[in-house]
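Survey of secondary and tertiary structure
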Amino acid sequence: INKCCLLQPNIRTHNTKLLTAYRTYCIENDFVPESDKAFHKHLQQIENLKHARFRDNEENQFGYYGIGLHDHH
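Along each chain, numbering runs from 1 in the same order as the chain's sequence is written. In view of the model being predicted, local features appear only for residues whose pLDDT reaches at least 70, and side-chain atom pairs are presented and counted only at 80 or more, with totals across whole chains, interfaces and linings using the full set of residues. In computing side-chain properties, one takes all heavy atoms of the structure into account and sets aside hydrogens as well as water.

Turning next to the overall build of the chain. Under the DSSP-based scheme used, a helix requires at least four consecutive residues in state H or I and a strand at least two consecutive residues in state E, with every element numbered from the N terminus. Summing up its helical and strand segments, the chain has 2 helices and 3 strands in all. Radius of gyration: C-alpha atoms only; globule rule: 2.2 Å multiplied by the number of residues to the exponent 0.38. For 73 residues, the compact-globule estimate of 2.2 N^0.38 gives 11 Å, and the C-alpha radius of gyration of the chain, at 12 Å, lies within 12% of that figure. Along the three orthogonal principal directions, the C-alpha set of the chain runs to about 35 × 25 × 20 Å. The rule is simple: take the accessible area with a 1.4 Å probe, protein chains only, and divide by the maximum for that residue type; under 20% is buried, over 50% is exposed, in between is partly exposed. Counting over 73 residues, the chain shows a buried share of 30%. The long-range fraction of contacts in the chain, counting pairs at least 24 apart against all pairs at least 6 apart in sequence, stands at 61%. Summed over its atoms, the accessible surface of the chain is roughly 5300 Å², and 49% of this surface lies on carbon and sulfur atoms. With 9 positive and 9 negative side-chain charges, the chain shows a spacing of 8 Å between the two charge centroids. We call two residues in contact when some of their heavy atoms are within 4.5 Å. Accessible surface area values rest on a Shrake-Rupley calculation with a 1.4 Å probe, where residue burial reflects the displayed protein chains alone. Here the positive residues are Lys and Arg and the negative ones are Asp and Glu; neither His nor the chain ends is included. In plain terms, the charge of a residue is placed at NZ if it is Lys, CZ if Arg, CG if Asp and CD if Glu.

Moving on: the state of the cysteines. Counting rule for disulfides: a pair of cysteine sulfur atoms within 2.5 Å. Counted by the stated rule, this structure contains 0 disulfides. C5 supplies the cysteine sulfur nearest to C4, a cysteine that is in no disulfide, at a spacing of 6.2 Å. Judged by relative accessible area, C4 falls into the buried class, the value being 8%. For the unlinked cysteine C26, the closest cysteine sulfur is that of C4, found at 9.1 Å. Here C26 falls in the buried class, since its relative accessible area comes to 3%.

Let us now look at unusual backbone geometry. With phi around 55°, D30 is a residue other than glycine that occupies positive phi space. Tracing the backbone shows D30 in the loop between α1 (15-28) and α2 (36-44). For E58, which is not glycine, the phi torsion reads 65° and is therefore positive. Checked against the element boundaries, E58 lands in the loop between β2 (50-56) and β3 (59-69). Among the residues examined, E58 registers a relative accessible area of 69% and is labelled exposed.

Let us now look at α2. Among the residues of α2, those classed as buried are F39, H40 and L43. The buried side chains of α2 occupy one side of the element, clustering within an arc of 95° when seen end-on. Residues of α2 that are exposed and angled more than 90 degrees away from the buried face: K37 and K41. Tucked inside the fold, the buried residues of α2 contact α1 and β3. The arc in question is the one spanned by the directions pointing from the helix axis to the C-beta atoms.

On to the sheet that holds strand β1 (residues 5-14). The criterion for strand pairing is that DSSP finds at least two bridges linking the strands in question. A sheet is described by the order of its strands in space; here 3 strands give the open sequence β1-β3-β2, paired in antiparallel fashion. Where the open sheet ends on each side, the last strands, each with one partner, are β1 and β2. On average, adjacent strands in this sheet sit at an angle of 40° to one another, irrespective of strand direction. Relative to β3, β2 is paired through 7 bridges, and the arrangement is antiparallel. Axes here mean lines fitted to C-alpha atoms, for a helix over just the part in contact, with angles spanning 0 to 180 degrees between N-to-C directions.

Listed below in structure tokens is the structure:
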């Protein structure tokens with residue numbers, strides 16, 4: 001999260017984008033990814049992140065307010 005994400009209150013990202021970036025990062029750096037449940041549990045412990053359903057690019061899915069991905073991921 002520290003290397004790939006921005007933590008700012010005015011951004012939001014769907015779960016699928018966060019999970020894809022997380023798994024890609026793990027593969028590229030020879031880490032074994034945690035389960036989806038463990039990943040979400042970790043995100044929910046970060047202060048000021050809010051998990052909710054929202055529309056982005058015509059898709060209405062669950063995601064997090066307060067987190068985004070750096071452009072290179």
